[in-house]
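A closer look at the structure
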Amino acid sequence: MIRDIAGVKVLLCPDEGPCLAEYANLTVLIGELFGAGGVALVAIPLSRLGPDFLRLSSGVAGEVLQKLVNYRFQVAILGDTAQAQAASGPLRDFVRESNRGRTVWFADDLAALEARLAGAV
């Protein structure tokens, strides 16, 4: 589903669907992004990224995010990462630094992303 949020065209990935950490599925998503025309940001539920996404040593997060960023899309990962961050200093640092930038953001939910895009965060 595509929504305009605070003037930004956002593709919202549904909660259910294939794992986007798998190359073929991620490639399909990138095709959808280009086919949608004008989408600037893709919001991906954490549940769609597989169990290793938040384990930075697995390389999954790097592969997924790099591929999307290389195609010049902003990425928002939607989901509660607090427990994983509490267990991993490197993940906590990665999330903090990502959220300071403009390319990759982590947000607890769609409402938090909407607030960020509206400039309230």
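Throughout what follows, the structure given in this document is the object of discussion.

Reading the values: rules and limits
Residues numbered from 1 in each chain as written. Predicted model: local features only at pLDDT ≥ 70, side-chain atom pairs only at ≥ 80, totals over all residues. Heavy atoms only, no water. Helix = DSSP H or I, 4+ residues; strand = E, 2+ residues; numbered from the N terminus. Rg over C-alpha atoms; globule rule 2.2 N^0.38 Å. Buried < 20%, exposed > 50% of the residue type's maximum accessible area, 1.4 Å probe, protein only. Contact = heavy atoms within 4.5 Å. Lys, Arg positive; Asp, Glu negative; His and termini not counted. Charge placed at Lys NZ, Arg CZ, Asp CG, Glu CD. Polar contact = N/O pair within 3.5 Å; in protein donor to acceptor, adjacent residues only side chain to side chain. Core = buried A, V, L, I, M, F, W, Y, C linked by side-chain atoms within 4.5 Å. Phe/Tyr/Trp six-rings, centres within 6.5 Å; stacked < 30°, edge-to-face > 60°.

Along its length, the chain carries five helices and five strands. Over its C-alpha atoms the chain spans a radius of gyration of 13 Å, differing by no more than 12% from the 14 Å that the globule rule assigns to 121 residues. Principal axes of the C-alpha set define a box for the chain whose edges measure 40 × 35 × 25 Å. Counting every position in the chain, which comprises 121 residues, the buried fraction comes to 38%. In the chain, 70% of the contacts between residues at least 6 apart in sequence involve partners at least 24 apart. Taken as two groups, the 11 positive and 13 negative side-chain charges of the chain have centres that lie 8 Å from each other.

Another point: helix α5 (residues 110-117). Where α5 begins, the capping side chain belongs to D109, and its oxygen is found 3.3 Å from the backbone nitrogen of A111. Positioned one or two residues after α5, G119 has a phi angle of 85 degrees, which is positive.

What follows concerns the nonpolar core. Membership of the largest hydrophobic core comes to 26 residues, with the highest contact counts inside it found for L29, V42, I44, F53, L68 and I77. Ranked by residues supplied to this core, first place goes to helix α2 (residues 60-70) with five residues. In contact with V42, other than residues within four places in its own chain, are L11, C13, L29, L33, L68, Q74, V75 and A76. Among the nonpolar cores identified, the runner-up in size contains 12 residues, and V8, A76, L78 and W105 belong to it.

Quick look at the packing of aromatic side chains now. Here the structure, examined in full by the defined rule, presents three aromatic pairs. With a centroid separation of 5.7 Å and 80 degrees between ring planes, the pair formed by F34 and Y71 is classed as edge-to-face. With F34 in helix α1 (residues 23-36) and Y71 in the loop between α2 and β4 (74-78), this pair connects stretches of sequence that are 37 residues apart. According to the relative accessible area criterion, Y71 is partly exposed, its value standing at 39%. Each ring, one from F34 and one from F73, has its centre 5.2 Å from the other, and the planes form 65 degrees; the classification is edge-to-face. Residue F34 is found in helix α1, and its partner F73 is found in the loop between α2 and β4; the two are separated by 39 residues along the sequence. With relative accessibility at 48%, the residue F34 sits in the partly exposed group. Relative accessible area serves as the criterion here: at 5%, F73 is assigned to the buried category. Feature note: the residues F34, Y71 and F73 constitute an aromatic cluster, connected by ring pairs.

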